[in-house]
Amino acid sequence: MGSYLKEFSEVKAKNSSEEVLQRWRKACWLVKNHKRRFRFTANLSKRFEVREIQKSNQEKLRVAVLVSQAALSFIQGISYTPPDEVKAAGFGICADELGTIVEGHNPRKLKVHGGIQGISDKLSTSLTNGIEISDESLTRRTQTYGINKFTESPSKGFWLFVWEALQDTTLMILAVCAFVSLIVGIATEGWPKGAHDGLGIVASILLVVFVTATSDYKQSLQFKDLDKEKKKITVQVTRNGYRQKISIFDLLSGDIVHLGIGDQVPADGLFVSGYSLLINESSLTGESEPINVSAENPFLLSGTKVQDGSCKMLITTVGMRTQWGKLMATLCEGGDDETPLQVKLNGVATIIGKIGLFFAVITFAVLVQGLFSKKISDGSSWAWSADEALEMLEYFAIAVTIVVVAVPEGLPLAVTLSLAFAMKKMMNDKALVRHLAACETMGSATTICSDKTGTLTTNHMSVVKTCICGEVKEVSSGMKGSDFCSDSVAKMVTKSIFNNTGGDIVVAKNDKIEILGTPTETALLEFGLLLGGDFRAVREESKIVKVEPFNSEKKRMGVVLELPGKELFQAHCKGASEIILAACDRTLNSDGEVVPLDAKSVKYLEDTIEQFANEALRTLCLAYKDIEGEFSAVNPVSFEGYTLIGIVGIKDPVRPGVKESVAICRSAGIMVRMVTGDNINTAKAIARECGILTDDGIAIEGPEFRMKTDEELQKLIPKLQVMARSSPMDKHTLVRHLRTTFGEVVAVTGDGTNDAPALHEADIGLAMGIAGTEVAKESADVIILDDNFSTIVTVAKWGRSVYVNIQKFVQFQLTVNVVALIVNFSSACLTGSAPLTAVQLLWVNMIMDTLGALALATEPPNNDLMKRTPVGRKGNFISNAMWRNIMGQSVYQFVIIWYLQTSGKVAFNLSGDDSSLILNTIIFNSFVFCQVFNEVSSREMEKINVFKGILENYVFVIVLSCTVFFQVIIIEFLGTFANTHPLTLQQWAVCILLGFIGMPIAAAVKLIPVGSR
């Protein structure tokens, strides 16, 4: 089948080209219902619209900058008067005017309004304390400037899904057949007898439509809930004088927002203060070159990302008044990329549909030929009665219904159903799936490249050891600054910690002190407070003139302070201990005096760093140097001649359950590798504790890894278990080699902005929900909401469950397809009649399509899934075991039905006018019960015990119960509509027994060895 699926095998789990997506759509021409089949695929026309909007934005910004530069000399004479309703609300500027200033990058108008301070006053806000919120002011502000929400297309109601289900071409043809049957039947046999056949088809069509619509509607609600979760982004704002976290949807014009590396700019606004701010506007304009934002160019646009630096911004324009709002309204309709499995199953459905269409045409031709032969033998070839016309119509309806059964429309939709079910359940397990394909791909993962901090460890950090003035001391909560060092040294330590930080200490509600920042920053700030430092007082003593934010490449962070009262600047630096120590040539002694750092002292400090690292502590060095003379913020600070202040050891305990999770991965054939920026000894200690680093495993540092040739990497990577002091590009290189050279399916975790390339390159990018930046989350396929490695293992388990569930459903549906096709075709050819009528085939179609997908595609995962080897990149979806099961079950079912057709009347001692109707009812009933028991057998493709955990899957039990219940109703009470006859208890028992025998047959077939693929 592989050669026929070429166009359907080109789609990748990530980053497929639009040509490839377009190609498989064209190849998929035999589709019963386009709206339903392609509902969960990317809307390529909407994506084209997004690109056009981005190009337009790029051109607008370029023109705006040029115009504003040319117009700066014409400021005089420009005035602005706010509308009366804006004045009445207590503001001095309207939303449209704010929009023209920021979106138009218009420094001329900004200057007219008194700069940023003037805009702040007109928005009735404070650049220090933010807006004062009360119910009344909130209402006035939202009425004047709007809310920060984007217009979304309204969600579809249930009746729209009913309408879409009615768009099925084959159901439309059957409806026409039913209409003609009604007219002819009533005309010849009168009401109600003549209407039975037509009404039976209509009732079947309506049942199929409503069951399908209900299933699709419930899926849409699940996706809607997940979309809401994806859009949950919080930002730090200052309101009512204190810092707090709020949703971006609650932002108002006038809010003061604090942004750091990796954050998304939540609305249009103006730069108030900050350092080294680089903004990536590619999401808005398509332009990848970052923009430097400063007091001279203070315009910040919604939807752009902070690539470097940090800032405080004033929100001016929100929601649909921003270009991002307009872009998002279109982007939301672009849809998610279709998954490889969806596309492959579309291909399978197309191939089987073509075969079914061929069989349907042949069946119709044979049946019609039989009718003509009969009429020719009777000598009435030109005289047609109404009954014969109805018989011809019934043949046509059977042919159309064979197409209904043969085109397995449910195959690709079962993928969506299973993924929707899994995604909803995974949300409860703290994993938010951003891209459908990730669910599917994670089941094939063979390697996980995990971060250490926050993923394998708890991310609750605290300073537990220090080496200050050459003395190693353990830290406990009751200690004071004097317990560590002299007052002058303690002062220098707090000065370095409080100034050289990306965190903050703020007063929250109820005058509680709150420490903000990453866990590392929080641990250092807590240590600074323990030493007796006053954060605000220390910050006010000097002025920060330059900030070099933490950089994953350099492994350090620095600031330059302008000291009061003299032309003296001081640079402070902190980061990876061995890197900072190498830049130091002096240190502080116990009296706070600067003394040279000799070889003996360096050796002692290196041993101390190694000792801390071997105790699984994260080590950081603090250092400073004085800069005499003039200093400009644009000049880089030379990384040499520093004075060592001290070394701190930060404890970050391993998460409970990580060791067990790593062991589960190992038994599942998934190799876990640790990729961290930490010291190699710390990394090795943690890796051993987690069970990642084994005796024959290799641990290596990033700089050494970079120097390896491709041949050396070929030998190294299979045994590589730990990479320390790695840069983001090291991680990217490792992932690329694993995927391309070794053919691995790679999952990668990341939390920082610089992790985005590796997350993008990996088969499955896993971003951290707590520690992760918005840039990392946007590049990821799955967000681990609790930052826990055990959740990653849960994702892998769900991924395998999705893959196996869809295999079970495909096996079940293909069996029904094969048997239904062969039975009707062979009967038509050999007996001149079809045993299964149009109404009966529609019911069988619903059992195998919608109900079958519900039962088998929603099976929850079990622990046995993690005892199998992963499918990997080259595994066949329809495995040898599946073909074996399909063929075994199909042969049994066909033999049973063929026997009933040829010898059923004798076996059941049937005679009289109703004998043919009773026999056809027994055949139909036996066929349905074969599918009921085959559905149970399909729960396991290779194991004999198919009942294990069956009662835990309540959906399966309900679907099976409903199928049996409605089968009884159809046989016993709806005979006139469904062409059935009530059966005796003995006949019922035989039908059920024939269906049940399929189970031991299926178990025996599973004993036939066929290989793993």
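Residues numbered from 1 in each chain as written. Predicted model: local features only at pLDDT ≥ 70, side-chain atom pairs only at ≥ 80, totals over all residues. Heavy atoms only, no water.

**Let's talk about the environment of Val-936**
- One can find Val-936 in helix α33 (residues 915-937).
- A sequence separation of 24 residues divides Val-936 from Leu-960, and the C-alpha atoms of the two residues are 8.8 Å apart.
- Val-936 has contacts with Val-946, Phe-947, Ile-950, Phe-956, Leu-960 and Met-999, leaving out every residue within four places of it along the chain. (Helix = DSSP H or I, 4+ residues; strand = E, 2+ residues; numbered from the N terminus. Contact = heavy atoms within 4.5 Å.)

**Let's talk about a nonpolar patch on the surface**
- Together, Val-176, Phe-179, Val-180 and Ile-183 make up an exposed nonpolar region whose accessible area comes to about 360 Å².
- Tracing the sequence through the fold places Val-180 in helix α10 (residues 169-189). (Patch = residues over 30% accessible without salt bridge, like charges linked within 9 Å, V, L, I, M, F, W, Y side chains within 5 Å. Areas by Shrake-Rupley, 256 points an atom, 1.4 Å probe, with all protein chains shown as cover. Salt bridge = Lys/Arg side-chain N within 4 Å of Asp/Glu carboxyl O.)

**Topic: the side chain of His-572**
- With respect to the secondary-structure elements, His-572 resides in strand β16 (residues 568-576).
- The class of His-572 is buried, set by a relative accessible area of 1%.
- Within the structure, His-572 has its side chain in polar contact with the side chain of Gln-570 (distance 2.8 Å).
- Aside from chain neighbours lying at most four places away, what touches His-572 is Met-492, Lys-495, Ser-496, Asn-500, Met-557, Gly-558, Val-559, Leu-561, Ala-623, Tyr-624 and Ile-645. (Buried < 20%, exposed > 50% of the residue type's maximum accessible area, 1.4 Å probe, protein only. Polar contact = N/O pair within 3.5 Å; in protein donor to acceptor, adjacent residues only side chain to side chain.)

**A word on the sheet that holds strand β21 (residues 671-675)**
- Taken in spatial order, the eight strands line up as β8-β26-β25-β24-β9-β21-β23-β22 in an open sheet, and their pairing is mixed. Bordering the open sheet on either side are β8 (431-433) and β22 (698-701), each of which pairs with just one other strand. With strand direction ignored, the average angle separating the axes of adjacent strands in the sheet is 20°.
- Pairing of β21 with strand β23 (residues 720-724) involves two bridges; the strand directions are parallel. Among the inter-strand pairings, Val-675 is bridged to a residue of β23, identified as Met-723. (Pairing = 2+ DSSP bridges. Axes fitted to C-alpha atoms, helices over the stretch in contact; angles between N-to-C directions.)

**What to know about the pairing of strand β25 (residues 764-768)**
- Most of β25 sits out of view: five of its five residues are buried.
- Where strand β24 (residues 746-750) and β25 come together, four bridges link them in parallel fashion. What sits directly across from Gly-750, in β25, is Ala-767.
- Note: β25 against strand β26 (residues 782-784), three bridges, orientation parallel. Opposite Leu-766, over in β26, you have Val-782 as the bridge partner.
- Taking the sense of rotation as the criterion, the β-α-β connection linking β25, helix α29 (residues 774-779) and β26 turns out right-handed. (Right-handed = clockwise from strand over helix to strand, strands pointing away.)

**Side note on unusual backbone geometry**
- The backbone of Cys-469 sits at a positive phi, close to 60°, despite the residue not being glycine.
- Within the fold, Cys-469 resides in the loop between β10 (462-468) and β11 (471-474).
- Phi is positive for Arg-725, which is not a glycine, with a value near 50°.
- In this structure, Arg-725 sits in the loop between β23 and α27 (728-740).

**Quick look at helix α32 (residues 880-907)**
- The largest bend along α32 measures about 55° and falls at Gln-901.
- Where α32 terminates, the next one or two residues include Asn-909, which has phi positive at roughly 55°. (Bend = angle between axes of the 7 residues up to and from the residue.)

**What about the packing of α32 against helix α36 (residues 985-1005)?**
- Relative orientation of the contacting elements α32 and α36 amounts to 150°, with a least axis distance of 10 Å. Between α32 and α36 the crossing geometry is right-handed. For the pair formed by α32 and α36, the contact residues are Arg-884, Asn-885, Gly-888, Gln-889, Tyr-892, Ile-896 and Leu-900 on the first element and Leu-994, Ile-997, Gly-998, Ile-1001, Ala-1002 and Val-1005 on the second.
- Along the lines of polarity and charge, the residues of the contact of α32 with α36 split into eight nonpolar, four polar and one charged. (Left-handed = near helix turned anticlockwise from the far one by under 90°. Nonpolar A, V, L, I, M, F, W, Y, C, P; charged D, E, K, R; others polar.)

**What about the packing of aromatic side chains?**
- Here the structure, examined in full by the defined rule, presents 16 aromatic pairs.
- Ring centres of Phe-158 and Phe-210 lie 6.3 Å apart, and the angle between their planes is 35°; this geometry places the pair in the tilted category. Residue Phe-158 is located in helix α9 (residues 158-165), and its partner Phe-210 is located in helix α11 (residues 196-230); the two are separated by 52 residues in the primary sequence.
- You can call Phe-158 partly exposed: its relative accessible area is 23%. (Phe/Tyr/Trp six-rings, centres within 6.5 Å; stacked < 30°, edge-to-face > 60°.)

**What about the nonpolar core?**
- With 149 residues, the main nonpolar core has Leu-174, Met-442, Ile-764, Val-782, Phe-789 and Val-810 as its most contacted residues.
- If you tally residues by element for this core, the top one is helix α30 (residues 789-831), at 19 residues.
- Met-461, Cys-469, Cys-485 and Val-493 belong to the second largest nonpolar core, which has 29 residues in total. (Core = buried A, V, L, I, M, F, W, Y, C linked by side-chain atoms within 4.5 Å.)

**Examining the side chain of Gln-931**
- Tracing the backbone through its elements, the reader meets Gln-931 in helix α33.
- Setting aside residues up to four positions removed in sequence, Gln-931 forms contacts with Phe-812, Val-816 and Gln-893.

**Some details on helix α8 (residues 135-145)**
- All of the buried residues in α8 are Ser-137, Arg-141, Thr-144 and Tyr-145. Mapping the buried residues of α8 onto a view down its axis gives an arc of 75°, with all of them on the same face. Among the exposed residues of α8, those oriented more than 90 degrees off its buried face are Asp-135, Glu-136 and Gln-143. (Arc of directions from axis to C-beta.)

**Topic: the confidence of the model for the protein**
- In this model, the protein carries an average pLDDT of 82, and 87% of its residues clear a pLDDT of 70 or more.
- Note that pLDDT drops below 50 for residues 72-77; the model gives that stretch six contacts with residues more than four away or on any other chain. (pLDDT = per-residue confidence, 0-100.)

**Brief notes about the environment of Met-427**
- Along the chain, Met-427 falls in helix α16 (residues 410-428).
- Once the C-alpha coordinates of Met-427 and Glu-229 are considered, the two residues, 198 residues apart in sequence, prove to be 9.0 Å apart.
- Residues within four places of Met-427 in sequence aside, it is in contact with Leu-226, Glu-229, Leu-432 and Leu-785.

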